[in-house]
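# Structural description and commentary
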Protein chains: 2
Amino acid sequence: MRVKFEEMKNEIKRVFMKYGMEEAKADICAQIHTESSCDGIYSHGLNRVARFVDYVNKGWVDVNAEPSLEKAFGAIEVYNGNMGPGVLNAMFATNKAIELADKYGIGMVGFKNTTHWMRGGTYGLYAARKGYVALMWTNTESVMPPWGGKEVKLGNNPFIMAVPTKGEPVAVDMAISQYSYGKLQVTRLAGKKLPYPGGFDKDGNLTDVPGLIEESMRILPMGYWKGASFSFMLDVLGAILSDGIGAVDIDKVGKGSCGGASQIFIIIDPKKICSEDKIEDTINKAIGHLKSSELAEGFNEIYYPGEDFIRFRKDNLENGIPVDEGIWKEIKEL
Amino acid sequence: MRVKFEEMKNEIKRVFMKYGMEEAKADICAQIHTESSCDGIYSHGLNRVARFVDYVNKGWVDVNAEPSLEKAFGAIEVYNGNMGPGVLNAMFATNKAIELADKYGIGMVGFKNTTHWMRGGTYGLYAARKGYVALMWTNTESVMPPWGGKEVKLGNNPFIMAVPTKGEPVAVDMAISQYSYGKLQVTRLAGKKLPYPGGFDKDGNLTDVPGLIEESMRILPMGYWKGASFSFMLDVLGAILSDGIGAVDIDKVGKGSCGGASQIFIIIDPKKICSEDKIEDTINKAIGHLKSSELAEGFNEIYYPGEDFIRFRKDNLENGIPVDEGIWKEIKEL
């Protein structure tokens with residue numbers, strides 16, 4: 001079934017308010033969850049609402065907590081998220097980093113002690129729509145083995161990069177694991193294999209069979225050893241630049257996915273460096289270069305980063321957002 | 001054969017001076033090339049000296065050019081590298097970004113119109129040894145196909161992250177291609193296969209046979225579509241944040257690898273955010289977490305990012321730096 005944007009948003013907002021969130025905040029959170037589903041990021045939109053409510057019920061997220069300033073120096077500010085809703089904390093952080101970028105050209109906000117920000121791309125797109133370049137990341141609990149190890153010791157630490165255009169932003173929002181556990185599950189339930197190997201089985205063989213990776217928990221970092229190192233750096237830099245904690249301690253917090261996580265928001269005002277026309281021209285030339293390549297076997301088109309969000313959004317705004325009937329029923333009953 | 005650090009440095013310095021570089025600059029460049037070889041980055045140390053000389057002879061690198069300030073706003077400075085030696089430009093940029101970080105906590109320097117910086121990790125390690133966190137990248141000419149394409153349209157755009165410790169820094173220096181062309185060549189000459197697939201053959205089959213990838217030029221980005229998107233973003237952000245150019249125009253400059261490239265240097269002073277002890281503790285805990293994993297099949301140890309540099313350095317300082325006899329003879333004759 002497909003549900004119209006406003007209907008989905010209103011339903012999510014009702015749920016958030018029922019579980020103690022004040023209306024203005026519930027409106028922002030509902031808007032962001034609905035936008036994620038609308039952009040095709042189904043895993044982090046409507047489908048996360050029930051888990052968020054579960055976290056609130058368990059006392060893992062404090063719906064009424066507000067961030068508090070811990071440190072400020074020049075173009076840097078550091079906040080304690082006080083285990084408030086990760087979406088609200090991340091929006092707050094993005095707006096603060098934008099203020100710093102207005103003043104200094106570049107600004108960084110570090111956020112410690114926050115909770116799951118849902119779709120990280122939200123904050124990159126938000127900043128880029130206002131004309132800013134964004135570099136952002138979060139650390140997470142341990143979900144991925146290190147290179148050469150069997151046990152989960154690294155986060156999948158999503159990394160976001162966004163750049164403004166005169167239309168919609170160009171943006172990357174990538175977890176460092178090659179596939180999410182959600183993707184493994186969906187592929188297994190469909191009785192399919194992954195397009196490329198996604199991890200090791202319990203005997204250490206690289207495999208594209210999702211069930212074998214779910215069993216071993218030996219999910220693969222993007223680029224093998226490269227992604228493992230990248231993830232490690234995002235973890236420690238997240239912790240250090242927010243005076244917060246890394247995966248080893250997030251595991252100990254024990255308040256669900258990303259409970260107590262550290263997040264970094266770097267915002268740059270590119271108009272302090274070059275003209276809007278130069279920005280637009282640079283991006284258009286790069287997109288044209290990409291799309292000018294002869295297509296590979298089995299491909300109909302080459303996409304630039306973020307182009308798929310735009311296509312999903314157009315379709316889902318026109319025709320309603322695809323929804324699993326069971327999940328929609330569950331939300332209605334919350 | 002193995003050559004002592006000082007002997008290698010003196011020989012490289014002699015060559016750089018012979019080709020027109022003044023002594024103080026030749027000393028810095030020779031030191032950096034030798035350190036790269038000493039740290040085990042053989043591809044970007046001694047082995048690049050002859051190519052650098054070739055570029056100077058062709059007029060692609062101006063050994064005497066100095067960077068010039070183009071723009072400054074708050075914690076941002078943008079320079080024109082004037083096609084000077086990439087190593088000197090990148091050292092200059094790193095020092096300027098450090099000055100900005102001292103003042104504002106975070107600083108960014110954009111460098112346009114520069115040349116190959118050799119080992120990007122050099123500048124991250126340099127900053128981290130002085131106590132700073134570094135995020136840096138360069139764009140390059142097109143060497144890698146986009147996801148879904150056959151023709152090279154993306155740079156391999158090395159990305160560097162470094163964090164200080166009380167000992168040697170923890171650091172990542174990664175190109176976005178899964179393997180370098182140098183690695184493909186070395187593996188082919190040894191009659192071996194790559195440890196994991198490194199690209200597509202000319203018919204679009206994923207392959208671990210290096211010669212088939214050299215033939216097709218369809219080298220794989222780390223993480224397939226993820227690395228392709230990451231590389232695209234580094235390219236356009238490099239160009240925009242330096243008021244410089246991206247891969248499509250670097251190709252047109254036609255002055256060798258990275259001739260006319262754009263580079264970004266972001267430096268953060270972590271001591272403005274947390275104590276040195278907290279930084280050290282965060283890193284040590286993360287390393288301990290990593291190394292506490294049960295080992296995977298065929299592995300004797302789990303390394304943290306940058307640990308291999310330290311091991312190479314110790315061995316090579318004690319026993320001399322491994323050198324290909326033909327390359328050493330070529331340098332001696334330059």
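For the structure, check the block above.
In this report, the structure presented in the accompanying data block is examined. Predicted model only: the values in this text are computed from it and were never measured. (Residues numbered from 1 in each chain as written. Chains lettered and ligands numbered in written order. Predicted model: local features only at pLDDT ≥ 70, side-chain atom pairs only at ≥ 80, totals over all residues. Heavy atoms only, no water.)

### Re the interface of chain A and chain B
- With 92 residues of chain A in contact, the opposing surface of chain B contributes 92 residues.
- One can count ten salt bridges joining chain A with chain B.
- Of the charged contacts in the structure, one is a salt bridge between E294 of chain A and K150 of chain B, with a shortest N-O distance of 3.4 Å.
- The tally of links from chain A across to chain B stands at 34 residue pairs in polar contact (both at pLDDT 80 or more).
- Ranked by the residues each element gives to the side of chain A that touches chain B, the list is headed by helix α8 (residues 225-241) of chain A, at 14 residues.
- The residue inventory of the side of chain A that touches chain B, partitioned by class, reads 56 nonpolar, 17 polar and 19 charged. (Contact = heavy atoms within 4.5 Å. Salt bridge = Lys/Arg side-chain N within 4 Å of Asp/Glu carboxyl O. Polar contact = N/O pair within 3.5 Å; in protein donor to acceptor, adjacent residues only side chain to side chain. Helix = DSSP H or I, 4+ residues; strand = E, 2+ residues; numbered from the N terminus. Nonpolar A, V, L, I, M, F, W, Y, C, P; charged D, E, K, R; others polar.)

### A closer look at helix α3 (residues 49-57) of chain B
- For α3 of chain B, the set of buried residues is V49, A50, F52, V53, Y55 and V56 of chain B.
- Those residues of α3 of chain B that are buried are in contact with α1 (5-18), α2 (23-38) and α12 (325-333) of chain B. (Buried < 20%, exposed > 50% of the residue type's maximum accessible area, 1.4 Å probe, protein only.)

### Concerning unusual backbone geometry
Residues and elements named next belong to chain A.
- Even without a glycine there, the phi angle at M83 is positive, about 55°.
- Mapping M83 onto the fold places it in the loop between β3 (76-80) and α4 (86-104).
- For M83, a relative accessible area of 12% puts it in the buried group.

### Some words on the packing of aromatic side chains
- Applying the stated criterion to the full structure yields 45 aromatic pairs over all chains.
- Look at W117 of chain B and F265 of chain B: their rings are 5.8 Å apart centre to centre, the planes differ by 70°, and that puts the pair in the edge-to-face class. Of the two residues, W117 of chain B sits in the loop between β4 (106-114) and α5 (121-129) while F265 of chain B sits in strand β11 (residues 261-268), which places them 148 residues apart along the sequence. For the pair shown, W117 of chain B and F265 of chain B are each scored as buried.
- Aromatic rings pair up to connect W147, F200, Y224 and W225 of chain A together with Y179, Y196 and F299 of chain B into one cluster.
- The cationic tip of K271 of chain A hangs over the ring face of Y132 of chain A; the distance from NZ or CZ to the ring centre is 5.3 Å.
- Lying across the ring of Y303 of chain B, K291 of chain B places its NZ or CZ 5.9 Å from the centre. (Phe/Tyr/Trp six-rings, centres within 6.5 Å; stacked < 30°, edge-to-face > 60°. Lys NZ or Arg CZ within 6 Å of the ring centre and 35° of its normal.)

### Section: the environment of K183 of chain A
Residue and element names in this part refer to chain A.
- Along the chain, K183 turns up in helix α6 (residues 181-189).
- Note on K183: relative accessible area 38%, which makes it partly exposed.
- Along the chain, K183 and G110 lie 73 residues apart, while their C-alpha atoms are 30 Å from each other.

### Digging into the relation of the copies chain A and chain B
- Between the two copies, chain A and chain B, the superposition gives an RMSD of 0.0 Å; the rotation angle is 180° and the shift along the axis is 0.0 Å. Such values leave the two copies arranged in the relation of a two-fold axis. Using C-alpha coordinates, one finds that chain A approaches the rotation axis most closely at G223 of chain A, a distance of 2.3 Å. (Least-squares fit on C-alpha atoms with pLDDT ≥ 70 in both.)

### With respect to the pairing of strand β4 (residues 106-114) of chain A
Residues and elements named next belong to chain A.
- Most of β4 sits out of view: eight of its nine residues are buried.
- Relative to β4, β3 is paired through five bridges, and the arrangement is parallel. Across the sheet, E77 pairs through a bridge with V109, a residue of β4.
- Between the parallel pair β3 and β4, the chain is carried across by α4, and the sense of this crossover is right-handed.
- As judged from the seven bridges shared by β4 and strand β11 (residues 261-268), these two strands associate in the antiparallel manner. Among the inter-strand pairings, T114 is bridged to a residue of β11, identified as A261. (Pairing = 2+ DSSP bridges. Right-handed = clockwise from strand over helix to strand, strands pointing away.)

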